[in-house]
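As a plain string of letters, each chain reads:
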Amino acid sequence: MLDDPVLAESVRGNVLAGMDELSALDAARDMIVSMFGHIDDEYLAARSDDVRDIFGQIRDAMTGNAVSSVFKAAKGSILVAEELFPSDMGDLDFSSLSGILCHKGSTTSHVCIIAHAKGLPIQMGVEVAGIRDGDAVCVDDPVFGGVPFISARVRTAGRKLYVNAGSVDEIRAGIAAGADGVGLFRTEFLFLGRDAMPSREEQRALYREALAACEGRPLLLRTLDVGGDKMLPYMPMPAEDNPFLGLRGVRFCLAHPELFRVQLSAVLDAARDVRESHPLWFDAGTPLRLMLPMVCSVEEIRQVKEMLSEIDAGYASLVRVGIMVETPAAALEAASLAAESAFFSIGTNDLTQYVMAADRGNPAVAGQYDPYAPAVLKAIALAVEAAHAYGIPAGICGELASDPKATDILLSMGLDSLSLSRL
Ligand code: PEP
Ligand code: MG
């Protein structure tokens, strides 16, 4: 935001028009805030809080008021605030907090997103003026509030409740919260934000830890899912006109066998390590499931299996290979893909964008990006029916699984597992 020329230009314009610096800054803030306030999208409109936050920090820096101290609270405290800014969140000691109540702000503000990412319930729009230090209060967060409901429904229906994870810590937290396994382990986080590809040994150690943290429960380890908006600086990734229709997911991996082979080898190494230390976990079949993203054809699955058998002819005792159903092609061809897969996991985040032809990140088509659209529900139904016809399980790991409004629909469609973004 600080780099945005609109900010600098409007302050400069105000100064040239004769205002003093602070008034020029405040007038620029009001202008930009009102621009955001008029956007007809709840999420984008809520970004005006972020603008006020940035301007507040510039003002503090200009007036010498900048104070930042790490906020300390007794263990289990609930933080009560009139208003919080994203920058305040950096000053919080999350380990001591149990939740946050806040008067100003919406559920789509960055403060909410950060709190959720830290596993902290937060309730916005609460009248906090009368609350005194030491009062007993509770936090009613619909995101966390939904988990007990979803979990009860899934259990009653006799289905599995999985958790999505991007790190071993998240796996441990999910298992501790009662997950039956990990429905989506996003391995790309190990590959992003660094200068070189992680070595086979580094990958092996991570996958081993992830598998061990599941203690014999299934781990659906997704192979590297980059391309689209996730770029690796150390790989040639030429700009594409339509990156979400380009070299993404398994396509990227098959186009870079040298990189993919390292990941597959590390996965098999990790499975062997864990089988050696915990043979019982492998008695009823392997807990490790290799999940391929963005699959569109049987040929892609066969190519991956061929690479696996080149690495280790006995790979089938170490991993079972399945796919994410997240393209229209995968849903329409679910029957032939099921014949080559040990499981399906439906990725509704992408399935919705491809079925509805609506970019999942473009607010202008947020209305069209509707996972409840009949076309998306039909695609899910096709995948579930094909899976069951072939006797393989079909789960869901897209965000739709975390929406309590969807739970009964998904269970009645026969999904065998729901993998939630948090438990
Ligand atoms: C999905 O597409 O639904 C999914 C779970 O994968 P990601 O959100 O990582 O693309
Ligand atoms: Mg996806």
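Calculation criteria
- Along each chain, the written sequence defines residue order, and numbers are assigned to residues from 1.
- Here the convention is simple: chains get letters from A, ligands get numbers from 1, in the order in which they are written.
- Restriction of local features to residues with pLDDT of at least 70 applies here, the model being predicted, together with a cutoff of 80 or more for giving and counting side-chain atom pairs; totals for whole chains, interfaces and linings are based on all residues.
- With hydrogens and water excluded, all non-hydrogen atoms of the structure serve as input to the side-chain values.
- Strands are runs of DSSP state E lasting at least 2 residues, helices are runs of H or I lasting at least 4, and numbering of each runs from the N terminus.
- Multiplying one less than the number of residues by 1.5 Å gives the expected span of a helix.
- Partly exposed residues are those whose accessible area sits between 20% and 50% of the maximum for their type, while under 20% is buried and over 50% is exposed, using a 1.4 Å probe and protein chains only.
- Only heavy atoms matter for contacts: two residues are in contact if any of them lie within 4.5 Å across the pair.
- Any two strands with at least two DSSP bridges between them are considered paired.
- A fitted line through C-alpha atoms represents every axis, and for helices the fit uses only the stretch in contact; the resulting angles, taken between N-to-C directions, go from 0 to 180 degrees.
- By nonpolar core is meant a set of buried Ala, Val, Leu, Ile, Met, Phe, Trp, Tyr and Cys residues that side-chain atoms within 4.5 Å join together.
- Only nitrogen, oxygen and sulfur atoms qualify as donors, and only when within 2.8 Å of the metal (3.2 Å in the case of Na, K and Ca); with water excluded, sites may look incomplete.
- For classification purposes, angles smaller than 35 degrees are called roughly parallel, those larger than 145 roughly antiparallel, those between 65 and 115 roughly perpendicular, and all remaining angles oblique.
- Residue polarity is assigned by list, with Asp, Glu, Lys and Arg as charged and Ala, Val, Leu, Ile, Met, Phe, Trp, Tyr, Cys and Pro as nonpolar; anything else, Gly included, falls into the polar class.
- Here a residue is near a molecule or strand as soon as one of its heavy atoms is found within 4 Å of it.
- We define a polar contact as two N or O atoms separated by no more than 3.5 Å, with the added condition that, inside protein, one atom must be a possible hydrogen donor and the other a possible acceptor, whereas residues neighbouring each other in sequence contribute only through side-chain atom pairs.
- All accessible-area figures derive from a Shrake-Rupley calculation using a 1.4 Å probe, and residue coverage is judged against the displayed protein chains alone.
- Think of it like this: strands point away, you trace from the first strand over the helix to the second, and a clockwise trace means the crossover is right-handed.
- Left-handed describes a crossing whose near helix is turned anticlockwise from the far helix through less than a right angle; right-handed describes the clockwise counterpart.

**Some remarks on helix α13 (residues 298–311)**
Reasoning step 1: With 14 residues, α13 ought to run about 20 Å at 1.5 Å a step, and its terminal C-alpha atoms sit 20 Å apart, in line with that.
Reasoning step 2: Within α13 the residues assigned to the buried category are Val 298, Glu 300, Ile 301, Val 304, Met 307 and Leu 308.
Reasoning step 3: On its buried face, α13 sits against α11 (249–255), α12 (257–277), β7 (288–292), β8 (320–325) and α15 (334–338).

**Remarks on the sheet that holds strand β3 (residues 122–124)**
Within a beta sheet, neighbouring strands are joined by backbone hydrogen bonds and run either parallel or antiparallel to one another.
Reasoning step 1: If you walk across this open sheet you meet the 3 strands as β1-β2-β3, and the pairing is parallel. Bordering the open sheet on either side are β1 (77–81) and β3, each of which pairs with just one other strand. Direction aside, the axes of adjacent strands within the sheet are offset by 10° on average.
Reasoning step 2: Where β1 and strand β2 (residues 97–102) come together, 5 bridges link them in parallel fashion. From the neighbouring strand, Ile 78 faces β2, where its bridge partner is Gly 99.

**Some details on the nonpolar core**
Within soluble globular proteins, side chains that are nonpolar tend to cluster in buried spots.
Reasoning step 1: Formed by 84 residues in total, the largest nonpolar core has its most connected members in Ile 171, Phe 185, Leu 219, Leu 232, Phe 344 and Leu 418.
Reasoning step 2: Ranked by residue count, the leading element in this core is α12, at 9 residues.
Reasoning step 3: With residues up to four places along the chain from it excluded, the contact list for Leu 418 reads Ile 150, Val 154, Lys 160, Leu 161, Tyr 162, Ile 396, Ala 401, Thr 407, Leu 410 and Leu 411.
Reasoning step 4: Judged by nonpolar contacts, the second largest core, of 15 residues, contains Leu 79, Leu 84, Met 89 and Leu 97.

**Side note on the side chain of Ser 417**
Reasoning step 1: Mapped onto the elements, Ser 417 comes out in strand β11 (residues 417–420).
Reasoning step 2: Setting aside chain neighbours within four positions, we find Ser 417 in contact with Lys 160, Tyr 162, Ala 394, Gly 395 and Ile 396.

**Focus: the coordination of the magnesium ion (ligand 2)**
Reasoning step 1: On the protein side, the magnesium ion (ligand 2) has Glu 326 (OE) and Asp 350 (OD) as donor atoms, found 2.0 to 2.2 Å from it. Of this pair, Glu 326 sits in the loop between β8 and α14 (328–332) while Asp 350 sits in helix α16 (residues 348–355), and the two are 24 residues apart along the sequence. The burial state of Glu 326 is the same as that of Asp 350; both residues are buried.

**Examining the packing of helix α2 (residues 21–37) against helix α4 (residues 48–63)**
Reasoning step 1: Relative orientation of the contacting elements α2 and α4 amounts to 170°, with a least axis distance of 9 Å. When the interaxial angle is binned, α2 and α4 end up roughly antiparallel. Here α2 contributes Glu 21, Leu 22, Leu 25, Asp 26, Ala 28, Arg 29, Ile 32, Val 33 and Phe 36 to the contact with α4, which in turn contributes Ser 48, Val 51, Arg 52, Phe 55, Ile 58, Arg 59, Met 62 and Thr 63.
Reasoning step 2: Of the residues contributing to the contact of α2 with α4, the split by class is 10 nonpolar, 2 polar and 5 charged.

**Topic: the site of ligand 1**
Reasoning step 1: Near ligand 1, the surroundings consist of Leu 184, Arg 186, Arg 222, Met 324, Glu 326, Gly 347, Thr 348, Asn 349, Asp 350, Arg 360, Cys 397 and Gly 398.
Reasoning step 2: Contacts to ligand 1 include Thr 348, whose backbone N or O atom sits 3.1 Å from an oxygen atom.
Reasoning step 3: In isolation ligand 1 offers 290 Å² of accessible surface; the protein chains occlude 97% of this area.
Reasoning step 4: Among the secondary structure elements, those contributing two or more residues to the shell around ligand 1 are β5 (182–186) and α16.

**Quick look at the pairing of strand β4 (residues 160–165)**
Reasoning step 1: The buried fraction of β4 is high, at 5 of 6 residues.
Reasoning step 2: Two strands pair when backbone bridges link them, and β4 and β11 are joined in this way by 4 bridges, in the parallel orientation. Note on β11: the bridge partner recorded for Tyr 162 is Ser 419.
Reasoning step 3: Across 3 bridges, the pairing between β4 and β5 is parallel. Looking at β5, one finds that Asn 164 is bridged to Leu 184.
Reasoning step 4: Remark: the β4/helix α8 (residues 168–176)/β5 crossover connection has right-handed handedness.

**Description of the sheet that holds strand β10 (residues 394–396)**
Reasoning step 1: The 8 strands are arranged β4-β5-β6-β7-β8-β9-β10-β11 in a closed barrel whose pairing can be described as parallel. Direction aside, neighbouring strands of the sheet carry axes that sit 30° apart on average.
Reasoning step 2: Relative to strand β9 (residues 344–346), β8 is paired through 3 bridges, and the arrangement is parallel. Across the sheet, residue Met 324 finds its bridge partner in β9, namely Ser 345.
Reasoning step 3: Relative to the sheet, helix α17 (residues 374–389) contacts β8, β9 and β10, its axis offset from that of β9 by approximately 165°.

**Quick word on the packing of helix α1 (residues 5–16) against α2**
Reasoning step 1: Taken N-terminus to C-terminus, the directions of α1 and α2 make an angle of 130°; their axes are 8 Å apart at the nearest point. In terms of orientation, α1 lies oblique with respect to α2. For the pair α1 and α2, the sense of crossing is right-handed. Two secondary-structure elements touch here, α1 through Val 6, Leu 7, Ser 10, Val 11, Asn 14 and Val 15 and α2 through Ala 24, Leu 25, Ala 27, Ala 28, Met 31 and Ile 32.
Reasoning step 2: Counted by class, the contact of α1 with α2 contains 10 nonpolar, 2 polar and no charged residues.

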